[in-house]
Amino acid sequence: MTAANRADATAAAVVDSPVSPQVLYPQSTGLDGFERVTAAWAKPRPFGFFTELNNNHIGILYIATGFLFFLGAGVLALLMRIQLAYPGNTFLSAATYNQFFTMHGTVMMFLFAVPIVEAFAVLLLPSMLGARDMPFPRLSALGYWAYAIGGALVFSSLFFKIAPDGGWFMYPPLTGPRFSPGINTDVWVLGLGFVEIAAVAAAVELIVGILKTRAPGMTLGKMPIFAWYMLVTAAMIMIGMPAVIAADILLELERAFGMPFYDAARGGDAILWQHLFWLFGHPEVYIIFLPAAGMVSMMLPSFARTPLVGYAWVALAAIAVGFLSFGLWVHHMFTTGLPLLSLSFFSAASSAIAIPMGIQVFAWIATLWEGKPVLRVPMLFILGFLFIFTIGGLTGVMVAAVPYDWQVHDTHFVVAHFHYVLIGGMVFPIFAALYYWMPVMTGRMLSERLGRWTFWLMFIGFNAAFLPMHVTGLLGMPRRIYTYPGDLGWNRLNLVTSVFSFVFAAGVLVFLFDFVRHLRSRPQTGLNPWEAPSLEWKAGQAAHGFRSLMPIFSRYPGWEQKGLKDDELAGRGYLPDAPTVEREALVTSPITAEPEQIMRMPGPGWTAFLAAVATAIAFAAMTIKLPAVGWIAGFIAAALYLYWLWSLDPALPREPADAGRGIALPLYRNGKQSVGWWGMTVLLISDAVVAASFAFAYLFFWTIRPGIWPPDGSQISGFREPIGLAALIIVAYFFFEAADRFNQRDRRLTATCLIVVALAAGAALALGWIWLDGLGIDSTRHAYGAAVWTLLGYVAVHIAIGAAMALWCLVRSALGMIDPWRCLTLRICLLWWRFTAPATVLTLILIVGFPFVVS
Amino acid sequence: MESVETGPPSEGLSRLLDVAFGFFVWAAHFLIVYIATALACALGPLAASDGGGRAALLTALVLVTLAAAAIVILHALRRYRQQRELSDHGFPLSVTIGCDAIALVAIIWQLFPILLVPACA
Amino acid sequence: MRRDQSALSLCTAVLLSGCSGRQSALDPAGPSAASIHLLGIFMYVGAALVTLLVTVLMLLPFLRRRESPVNHNLFLWGGGVALPFFTLVALVPYVMTVGHETRAAPAPDRLTIDVTGSLWWWEMAYQRTGGVSAVASANELRLPAGEPVELLLHANDVIHSFWVPNLAGKTDMIPGRVNRMVIQADRPGVYRGQCAEYCGLQHSLMSFDVIVLPRAEFDSWMARLAQPIGDPEAPELRRGRDLFLTLGCGTCHAIRGFTGGRLGPDLTQLGARRTIAAGALPGGVGNIAAWIASAQHLKPGNLMPSYDQLAGPELRAVSAYLESLK
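Residues numbered from 1 in each chain as written. Chains lettered and ligands numbered in written order. Predicted model: local features only at pLDDT ≥ 70, side-chain atom pairs only at ≥ 80, totals over all residues. Heavy atoms only, no water.

Assigned secondary structure in chain C consists of seven helices and 14 strands. Every one of the 326 residues in chain C was classed for burial, and the buried ones make up 52%. Sequence-distant contacts, at least 24 apart, represent 63% of the contacts inside chain C between residues at least 6 apart. In the structure as shown, chain C presents an accessible area of about 13800 Å², 62% of it carried by carbon and sulfur atoms. (Helix = DSSP H or I, 4+ residues; strand = E, 2+ residues; numbered from the N terminus. Buried < 20%, exposed > 50% of the residue type's maximum accessible area, 1.4 Å probe, protein only. Contact = heavy atoms within 4.5 Å. Areas by Shrake-Rupley, 256 points an atom, 1.4 Å probe, with all protein chains shown as cover.)

Put into structure tokens, the structure is as follows:
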């Protein structure tokens, strides 16, 4: 039985079989059901702009905001190129130039590149997966608004001349308190904080969304290839982002409190920053590239008019890149004097990644060969991407060679290299995606004719500007210089680069003109101009996307599942109705996408937006040294978060509800199958990486001076207190486990257990403070002390949150909001303890046991 | 009422992560080799370009590499046999075996620098 | 195709117009730069071939209709796996053998120079045998031709990077660490080095001259450098020397046998240097005077204040004195 026949047969069965009378909320396949779905997902008026949470709304805002940052950072680049057009030019002062190049890099990497690829995923993935929205809409909205407001604050620092000026990767000690006493560096840390919130939120959403909210029947092997790419990307964000979060925390601790992590005079090391930053920084560029490659893989079948060749190969290549990219980071540090053996190790790894990259490129080319490709504007941009990115990848193999990198590192050669891979590998696919998916965003098509102008101006402008830069760098021009002497042979090349950068900009201008112009034409519904096979083209423009959620049996449902749209509109899929006029989604199993649960989603509201605003104001106020404002805003933010958390895990009926198509599903899951459980797991994995980064810092300091440890003369004397601490935490953890077990039988014991947890945690904190105070380890005298305080502080924060969670569960239990059935809150808090307890024990073993072992 | 916890056993986290098993072995191998060489150079036993010390480290690293390679190959073989029996889990198993293959190449590839570059230069 | 050709001809024209230069990696004057340059040429040829292959392959489907079925395995296994794999198997072992000379093991009788990067200038201290203290200079590196020289790289404040493209790749100078590098210049001449790690406001104006001399000339130069500067004869120069002391210049700047300040560059042979202020200005009495009077204007933010309160005659005297130090 073919997929199409199977779908037809099931559809017929649904219409005929009645729903069991014990099942709640019967779903109607008629017009009344359709009206309720539309009403539940309707955009609220008048403040829908701020309160709407649906991925269509947030996704478009996200893309637009990212593009605005692209334009802003692009203008900075043009101004820089004016300055560099002539030797000895005085168009920009040194201070201004340094702020401009720092902001150009920072805004492009953190406020444009990562957010815009996340944005396309937010916009497109749910419908591509046959779903209506991302699994945590408020988290999506929070991530977006935090990014938009925080990013705008950081960008505005340019107008007050307090923009960061240490380069986009901000190496200490230049960015430490001594050499960057102003708040410029703090503005950078602030901006990054927002990006980090948005990115981790996106990672949680994407992983949970891809694994748990796919259309029924869409197994891992049938999901669109973009979903594979985004799954890998989200996992990379989950593991990579925390390394830079840790580095930032340490930098801010050094700047604000004098804890000398990066200060060599006090036992720290500037190289530590480089390790932590590039551990994130290298995967970061693949976090940027993989989604773009995923979009190319989605667009190509439409233009080649044939399925992607080597789907399994491409998925495999994405996974390979995801893992291997974490083994390359030292290639940014080849000139730092590390041992040649270590460098060669990373050199080999860096070149090895050419294999999964090559697999993707040849899969795409094979797809073109397999089909009958049409040269429309998105296809032009894809060809441009292939050409430019190949060159960038090849110069990448060159810089992967250690001795070659010793010449070209920190010169315009490497600037040319990374612009080739970033503009080729991401910007060109983004433009292809904009032309391709504009009908999904605005319901209208951009102009083919103007699109060709855009492409050629951008392509010629880019290549003519950046190809000479390879030579400029080899002729000796370092990067990040605001001027150069006129007698070194760089003049003509710089002028060429500067002139053609404006040609590239002209291309972008043509695109903008086209975009504004196209908004004036009338929108057309049901547009699928590329005859594309994927599901986002079957979703309407309304927030609900699909009237009902159809089972999917093919990688190319648009081509292979006939009558899909008619069946969907007729309500023959799951959830054809919204009986309580609330937004509902289907939760499915990770591998085979069996329906598991109906998830009630939050509707539009102010919480996420206001929480983002309050958080932004709190951090910004602290950065510009207005602590009163910061504290007030912080309290408001905390109140909003608590209000939000309290609204989680609402009371829901226990009986299964009608899900359409003759099946009934629970409205609630309280264990490993719930999306909340998965979300917390992803968050805790990121948390673990932060902790591991701090532990790495501690061990790194030991390798600098392994002879004497502790190196600052302090002593970790005695095992009594640490063992007592560990014991208290283990007790707390076991009682929390017990609380969960008892909750199933006798709720009074639950309360007792939770009280013991809180008391044990509190006692541990008190004991820990007394112990640490008694040890007399100074956090500012030596990096060792700073590392010990940071590790223990981190653990203490987790224990405190754990204690708060115990009290939270206690209150909810007393109010009847936790019972043997409705216990997800308890279980998620238990997850927290399952992380905190081992983390505490391991940290104590490190701090107490390590000096003992090495002495 | 009983809490609903378990789903079909093949859907758990471990089943999902098994696809990338080869890469987890790669990551462990990478860490072991990198940390061992970094420590050996930092702590001095290799810094004196002592032939015996270098030979001992090299042998140890080659053995670790062979062990990692063997683990990955065995895993791939096991999944391959499973794939021939089952009919409907073909895709995840293909990707699993492919990941094992690339991880194997990456693991052995790391031997190049270890063998060709003088230690701690 | 049009765009291939235009890019290629642009490249060729640019390349033919001049790879040579005082600060050019494409004009090697030492064995390390030469071996890197050769590696580069191999890689460029390979990269050009791969680019051509990919471009042709991706454009063919638009130009020709294909009738026979496409061999997926050829693309995936051949292009995706075999092509990168065999290229790397050929390239990587070759790469692993290039560049070891800069990490050569220390040798006991090799000339050793301590180079220290500060904001935004360079100190070079030439170690001498026989228990004698090192001889310091600044913003200029002199090397004997044809022999390996050991450089010990220090950083005084932030991360800098030592780079002389004609001779070798760069090595960072990191606070708290001493990086060593063995460098060799085979061709006598004048080259230029520049700081290659962004180090703040005036990173762009932190360069140094590299003067490569035959060994005999190098030895005699170093002997002269080590000599204390005697009292000048001419009254104008004596006046300049006295002003140097009374204005407090000696607190920051050392002149051998006269003052011992180490906060700024050693000025012992300032008059003989091709450039001053770490490559910011060409040498000569006029520029020395300009620098003294308006250092903050010429290199804003550097640690030397502008002595713009000096009267003309005083300025001329000091500049003449400094220019006489050769």
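We are not done yet, so read on.
Every contact between the two is made by 46 residues of chain A and, on the other side, 42 residues of chain B. A combined buried area of about 3900 Å² lies between chain A and chain B, and 78% of that area is made up of carbon and sulfur atoms. The interface formed by chain A and chain B includes zero salt bridges. Linking chain A with chain B are one residue pair in polar contact (both at pLDDT 80 or more). At the level of secondary structure, the elements contributing two or more residues to the side of chain A that touches chain B comprise helix H10 (311-324), helix H11 (340-352) and helix H22 (675-704) of chain A. (Buried area = accessible area lost by both parts, 1.4 Å probe. Salt bridge = Lys/Arg side-chain N within 4 Å of Asp/Glu carboxyl O. Polar contact = N/O pair within 3.5 Å; in protein donor to acceptor, adjacent residues only side chain to side chain.)

Before going further, it helps to examine the environment of A:Val195. Residue and element names in this part refer to chain A. Its location among the elements puts Val195 in helix H7 (residues 184-212). Here the alpha-carbon distance between Val195 and Ala146, two residues 49 residues apart in the chain, equals 7.7 Å. Not counting chain neighbours up to four residues away, the residues in contact with Val195 comprise Phe110, Leu111 and Met241.

Attention now moves to the pairing of strand E4 (residues 140-144) of chain C. Residue and element names in this part refer to chain C. When you tally the buried positions in E4, you get five out of five residues, the bulk of the element. Of the two faces of E4, the one lined by Glu140, Arg142 and Pro144 and the one lined by Leu141 and Leu143 are each fully buried. Relative to strand E10 (residues 207-213), E4 runs parallel, the two being bridged by five bridges. Residue pairing in the sheet places Pro144 in a bridge with Leu213 of E10. (Pairing = 2+ DSSP bridges.)

In this section: the confidence of the model for chain C. Residues shown with low pLDDT carry predicted positions that ought not to be read at fine detail. Across chain C, pLDDT averages 91, with 94% of residues at or above 70. Of all secondary-structure elements in chain C, the lowest mean pLDDT belongs to helix H1 (residues 2-17) of chain C, at 50, while strand E6 (residues 160-162) of chain C reaches the highest, 98. (pLDDT = per-residue confidence, 0-100.)

Another point: the interface of chain C and chain A. Each partner contributes residues to the interface: chain C has 84 residues there, and chain A has 92 residues. Carbon and sulfur atoms supply 71% of the area buried between chain C and chain A, which totals about 7400 Å² over both sides. Across the contact surface, chain C and chain A share two salt bridges. Its salt-bridge partner being C:Arg177, residue A:Asp269 comes within 2.6 Å of it at the nearest N-O pair. One can count 20 residue pairs in polar contact (both at pLDDT 80 or more) joining chain C with chain A. Within the residue set of the side of chain C that touches chain A, elements represented by two or more residues are H1, helix H2 (31-63), helix H3 (72-96), strand E7 (171-173) and strand E9 (189-194) of chain C. Considering every element that reaches the side of chain C that touches chain A, the biggest residue donor is H2(C), with 17 residues. Per-class residue counts for the side of chain C that touches chain A are 50 nonpolar, 22 polar and 12 charged. (Nonpolar A, V, L, I, M, F, W, Y, C, P; charged D, E, K, R; others polar.)

Let us now look at the sheet that holds strand E1 (residues 112-118) of chain C. All names here are of chain C. Spatially, the five strands line up as an open sheet ordered E3-E2-E1-E5-E8, and their pairing is mixed. Bordering the open sheet on either side are strand E3 (135-138) and strand E8 (179-184), each of which pairs with just one other strand. Ignoring which end each strand starts from, the neighbouring axes of this sheet average 25° apart. Where E1 meets strand E5 (residues 148-155), six bridges bridge the pair, whose relative direction is parallel. Paired with Gly117 across the bridge in E5 is Ala155. (Axes fitted to C-alpha atoms, helices over the stretch in contact; angles between N-to-C directions.)

Attention shifts here to the packing of aromatic side chains. Under the defined criterion, the tally for this structure stands at 109 aromatic pairs over all chains. When the centroid spacing of 4.4 Å and the interplanar angle of 5° are considered together, the rings of A:Phe289 and A:Phe389 count as stacked. Here A:Phe389 lies in helix H13 (residues 377-400) and A:Phe289 lies in helix H9 (residues 270-304), a separation of 100 residues in the sequence. On the basis of an interplanar angle of 90° and a centroid distance of 4.9 Å, the ring pair of A:Phe346 and B:Tyr34 is categorised as edge-to-face. Of this pair, A:Phe346 sits in helix H11 while B:Tyr34 sits in helix H2 (residues 21-42), on two different chains. Residues A:Phe346 and B:Tyr34 agree in their burial class; the two are buried. By way of ring pairs, the aromatic residues A:Phe47, A:Phe49, A:Phe50, A:Tyr62, A:Phe69, A:Tyr144, A:Trp145, A:Tyr147, A:Phe155, A:Phe159, A:Trp606 and A:Phe609 are connected into one cluster. Here A:Arg600 stacks its cationic end above the ring of A:Tyr25, 4.8 Å away from the centre of that ring. (Phe/Tyr/Trp six-rings, centres within 6.5 Å; stacked < 30°, edge-to-face > 60°. Lys NZ or Arg CZ within 6 Å of the ring centre and 35° of its normal.)

All names here are of chain A. Interaxial distance between helix H5 (residues 94-128) and helix H8 (residues 225-257) falls to 11 Å at its minimum, and their mutual angle equals 135°. The pairing of H5 with H8 is recorded here as oblique in orientation. The two elements H5 and H8 cross, and the hand of that crossing is left-handed. Facing Val117, Glu118, Phe120, Ala121, Leu125 and Met128 of H5, the residues of H8 in contact are Phe226, Ala227, Met230 and Ile237. (Parallel < 35°, antiparallel > 145°, perpendicular 65-115°, else oblique. Left-handed = near helix turned anticlockwise from the far one by under 90°.)

Residue and element names in this part refer to chain C. Its domain assignment divides chain C into domain 1 (1-65 + 99-226) and domain 2 (235-323). Of note, the centres of domain 1 and domain 2, computed from C-alpha atoms alone, are 29 Å apart. The interface of domain 1 with domain 2 comprises 26 residues on the first partner and 22 residues on the second. Summed over both sides, the interface between domain 1 and domain 2 buries roughly 1800 Å², with carbon and sulfur atoms accounting for 48% of that surface. At the surface where domain 1 touches domain 2, the tally comes to two salt bridges. Summed over the shared surface of domain 1 and domain 2, the result is 10 residue pairs in polar contact (both at pLDDT 80 or more). (Domains from an automatic or database assignment.)

This next bit is on unusual backbone geometry. Residue A:Pro710 follows A:Trp709 across a cis peptide bond; omega there is -5°. Among the secondary structure elements, A:Pro710 is positioned in the loop between H22 and helix H23 (720-743). Residue C:Leu119 is joined to C:Trp120 through a cis peptide bond whose omega torsion reads -5°. Mapped onto the elements of the fold, C:Trp120 is located in the loop between E1 and strand E2 (121-126). Phi at A:Lys625 takes a positive value of approximately 65°, unusual for a residue other than glycine. Along the chain, the position of A:Lys625 falls in the loop between helix H20 (607-623) and helix H21 (627-646). Even without glycine at this site, C:Asn139 takes up a positive phi of about 60°. The residue C:Asn139 is located in the loop between E3 and E4 in this model.

Another aspect to go through is the environment of A:Ala639. Residues and elements named next belong to chain A. By secondary structure assignment, the location of Ala639 is in helix H21. Note on Ala639: relative accessible area 44%, which makes it partly exposed. Through-space distance from the C-alpha of Ala639 to that of Ala611 is 8.8 Å; in sequence the pair is 28 residues apart.

Moving on: the nonpolar core. Counting 424 residues, the largest nonpolar core has A:Phe120, A:Trp364, A:Trp437 and C:Phe162 as its most contacted members. Among all residues touching A:Phe120, those that are not within four sequence positions of it are A:Ile63, A:Leu125, A:Phe226, A:Met295, A:Ile430, A:Ala433, A:Leu434, A:Trp437 and A:Met441. Of all hydrophobic cores here, the second largest spans 24 residues; its members include C:Ala289, C:Met304, C:Tyr307 and C:Leu315. (Core = buried A, V, L, I, M, F, W, Y, C linked by side-chain atoms within 4.5 Å.)

Moving on to helix H2 (residues 31-40) of chain A. All names here are of chain A. Among all positions in H2, only Gly33, Val37 and Ala40 are buried. End-on, the buried residues of H2 take up no more than an arc of 70°, which puts them together on one face. Relative to its buried face, H2 has exposed residues pointing more than 90 degrees away, namely Leu31 and Glu35. Residues of H2 that are buried sit in contact with strand E1 (583-588). (Arc of directions from axis to C-beta.)

Here the focus is H7(A). Spacing of three or four residues puts side chains on the same side of an α-helix, whose turn is 3.6 residues. Helix length check: H7(A), at 29 residues, gives a terminal C-alpha distance of 42 Å against a target of 42 Å (1.5 Å per residue), a fit within 8%. Most of H7(A) is tucked away, with 27 of its 29 residues classed as buried. (Expected span 1.5 Å × (residues − 1).)

Another aspect to go through is the sheet that holds E9(C). Residues and elements named next belong to chain C. Spatially, E4-E10-E9 is the arrangement adopted by the three strands of the open sheet, whose pairing is mixed. Only two strands of the sheet have a single neighbouring strand rather than two, namely E4 and E9. Along the sheet, successive strands turn relative to each other by an average axial angle of 25°, direction set aside. Docked against the sheet, helix H4 (residues 215-226) engages E4 and E10, running at close to 135° with respect to E4.

Our focus in this paragraph is the state of the cysteines. Applying the stated rule across the entire model yields zero disulfides over all chains. This cysteine, A:Cys753, is not joined by any disulfide, and A:Cys809 carries the nearest cysteine sulfur, 12 Å off. Overall, the relative accessible area of 4% leaves A:Cys753 in the buried class. Between C:Cys195, a free cysteine, and C:Cys199, which holds the nearest cysteine sulfur, the sulfur-to-sulfur gap is 3.8 Å. (Disulfide = S-S within 2.5 Å.)

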